[in-house]
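# Analysis of the macromolecular model
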Amino acid sequence: MFDPNPIQAKLLKAVQNLASDNQRLIDQSRTGDNQQLSPMALAHLDIGRRTRENLEAIATAVGVPKSVIDYTRASGERGHRWQPGQPLLSTEAIDRDTLLRGHLRAVAQLQTMAGVGAAFSQQGTLPRDGFAAFRRVMGLTWQRAGAVGHALGLTTVEQQHAWQPTDSPWTDHVARTMATLDRTALMTQWRAVVETNFATVSMPVMVLQAAGITPDDITRQLPVLPDRMVELAAAALEPDPATRGMGGAGIDAAIEATAADSQTESEPTDHRPASHPDRYRGPDMGPGP
């Protein structure tokens, strides 16, 4: 029997209810002789699927066995809503070292994302809307990594190792990674970030917040805020050591240019996803696990 903690239970609840919502939409759309889903229904289902996959990835990252996730999803697809205390059978043993390695990879990916933003800004004029989208997605990725670190109960040593696993500064590693990318590869990575559907990454963060993880909990896990990460990465990309530390000037200008967006979208340093009535609202999370 698997006994989830409150954070794990909240994630599983969201997975099951989202699977149930999606299945109900499919059943409602396929009525009578018309078995074809409308383009709107297909788009809604696609967002729901990707959101659920993100939720499942986070559940895995915080120690939920795959068999439990699969069973919970299947229960939702059969039309069952989450019930507190429902039995979750599993004999899988989750190794903490495996979870720590996964968290280390997630932090490294966040740092690489900062490098992508810094490197792309050096290619020329940075579109305001593109950088605003980058900041939103990176901010949510930062929140997710910090929330997972909190859920894992990392020690101070584990936090420091995740942020900087070697003697070299993390910015040096990012600079070396960026040096291996040609313009096409860099553009591919940039587009992968800015074209991310906001709902698919914001809903999982909202679930974690609903589970009780606070902005302070997240900040304690990650020593540098997202915008500052990009500034530090930009400085590390400067070829002349004498000019390092000045590389963030272009980033600062881009951040200033996107300030007006804070009225309609959450800023990465706010730690709080904004509500979007015109976007997918996600599964019912309810007041408790």
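In case you missed it, the structure is sitting above this.
Described in the following lines is the structure provided in the data block. (Residues numbered from 1 in each chain as written. Predicted model: local features only at pLDDT ≥ 70, side-chain atom pairs only at ≥ 80, totals over all residues. Heavy atoms only, no water.)

## Side note on the overall build of the protein chain
Counting secondary structure elements, the protein chain contains twelve helices and zero strands. Helices (α) and strands (β) of the protein chain occur, in sequence order from the N terminus, as α-α-α-α-α-α-α-α-α-α-α-α. Relative to its 289 residues, the protein chain shows a buried fraction of 48%. Looking at the protein chain as shown, the accessible area adds up to about 14,400 Å², and 53% of this sits on carbon and sulfur atoms. (Helix = DSSP H or I, 4+ residues; strand = E, 2+ residues; numbered from the N terminus. Buried < 20%, exposed > 50% of the residue type's maximum accessible area, 1.4 Å probe, protein only. Areas by Shrake-Rupley, 256 points an atom, 1.4 Å probe, with all protein chains shown as cover.)

## Quick word on the packing of aromatic side chains
This structure, assessed with the given rule, holds four aromatic pairs. Look at Phe 131 and Phe 134: their rings are 6.0 Å apart centre to centre, the planes differ by 20°, and that puts the pair in the stacked class. With a gap of three residues between them, Phe 131 and Phe 134 both fall in helix H5 (residues 128–151), about one helical turn apart. When sorted by exposure, Phe 131 lands in the same class as Phe 134, which is buried. With 5.1 Å between their ring centres and 10° between their planes, Phe 134 and Trp 190 make a pair best called stacked. With Phe 134 in helix H5 and Trp 190 in helix H8 (residues 183–194), the pair connects residues that are 56 residues apart, well separated along the chain. (Phe/Tyr/Trp six-rings, centres within 6.5 Å; stacked < 30°, edge-to-face > 60°.)

## So, the pattern of salt bridges
Think of it this way: side chains of opposite charge can pair up when their charged atoms draw near. Under the defined criterion, the tally for this structure stands at 14 salt bridges. When the shortest N-O distance is used, the salt bridge between Glu 56 and Arg 73 registers 2.7 Å. Note that Glu 56 is positioned in helix H2 (residues 39–61) and Arg 73 in helix H3 (residues 66–77), a separation of 17 residues in sequence. Looking at Glu 56, the relative accessible area reads 11%, which means it is buried. For Arg 73, a relative accessible area of 18% puts it in the buried group. A salt bridge links Asp 70 to Arg 73; the nearest nitrogen and oxygen atoms lie 2.9 Å apart. Of this pair, Asp 70 and Arg 73 both sit in helix H3, separated by three residues, roughly a single helical turn. Ionic contacts of the salt-bridge type, sharing partners, join the residues Arg 52, Glu 56, Lys 66, Asp 70 and Arg 73 into one network. (Salt bridge = Lys/Arg side-chain N within 4 Å of Asp/Glu carboxyl O.)

## Let's talk about the nonpolar core
When a protein is soluble and globular, its nonpolar side chains tend to lie buried together. Leu 11, Leu 12, Val 64, Phe 134, Met 138 and Met 229 are the most contacted members of the largest nonpolar core, which has 60 residues in total. If we skip the residues at most four places from it in the chain, Phe 134 touches Met 113, Gly 117, Trp 190, Val 193, Val 194 and Val 230. (Core = buried A, V, L, I, M, F, W, Y, C linked by side-chain atoms within 4.5 Å. Contact = heavy atoms within 4.5 Å.)

## A closer look at H8
Across its twelve residues, H8 extends 16 Å between first and last C-alpha, which sits within 8% of the 16 Å expected from 1.5 Å per residue. Of the residues making up H8, those classed as buried are Leu 186, Trp 190, Val 193 and Val 194. Projected down its long axis, H8 shows its buried positions confined to an angular sector of 85°, all on one face. Residues of H8 that are exposed and point more than 90 degrees away from the buried face comprise Thr 184, Thr 188 and Ala 192. Elements that come into contact with the buried residues of H8 comprise helix H4 (96–121), H5 and helix H7 (170–179). Taking the backbone nitrogen of Thr 184 as reference, a side-chain oxygen 3.2 Å away marks Asp 182 as the first, capping residue of H8. (Expected span 1.5 Å × (residues − 1). Arc of directions from axis to C-beta. Polar contact = N/O pair within 3.5 Å; in protein donor to acceptor, adjacent residues only side chain to side chain.)

## What about the packing of H5 against helix H11 (residues 226–236)?
At a minimum axis distance of 9 Å, the contact between H5 and H11 shows a crossing angle of 110°. Taken together, the axes of H5 and H11 are roughly perpendicular relative to one another. Mapping the contact onto sequence places Phe 134, Arg 135, Met 138, Gly 139 and Trp 142 in H5 and Pro 226, Asp 227, Met 229 and Val 230 in H11. Across the contact of H5 with H11, the residue classes tally to six nonpolar, one polar and two charged. (Axes fitted to C-alpha atoms, helices over the stretch in contact; angles between N-to-C directions. Parallel < 35°, antiparallel > 145°, perpendicular 65-115°, else oblique. Nonpolar A, V, L, I, M, F, W, Y, C, P; charged D, E, K, R; others polar.)

## Focus: the packing of helix H1 (residues 6–29) against H3
Packing of H1 against H3 brings their axes to within 7 Å, and their N-to-C directions diverge by 35°. Crossing geometry of H1 relative to H3 is assigned as right-handed. Note on element contacts: H3 touches H1 through Val 68, Ile 69, Thr 72, Arg 73, Ser 75, Gly 76 and Glu 77, opposite Leu 12, Val 15, Gln 16, Ala 19, Ser 20 and Gln 23. Grouping the constituent residues of the contact of H1 with H3 by class yields five nonpolar, six polar and two charged. (Left-handed = near helix turned anticlockwise from the far one by under 90°.)

## A look at the environment of His 103
By the secondary structure assignment, His 103 is in helix H4. For His 103, a relative accessible area of 5% translates into the label buried. Expressed as a C-alpha distance, the spacing of His 103 and Gly 146, which sit 43 residues apart in the sequence, is 9.5 Å. Apart from residues no more than four positions distant in its own chain, His 103 is found in contact with Ala 145, Val 148, Gly 149, Leu 152, Leu 154 and Ala 162.

Honestly, that's just the spatial picture; any functional story needs more than this.
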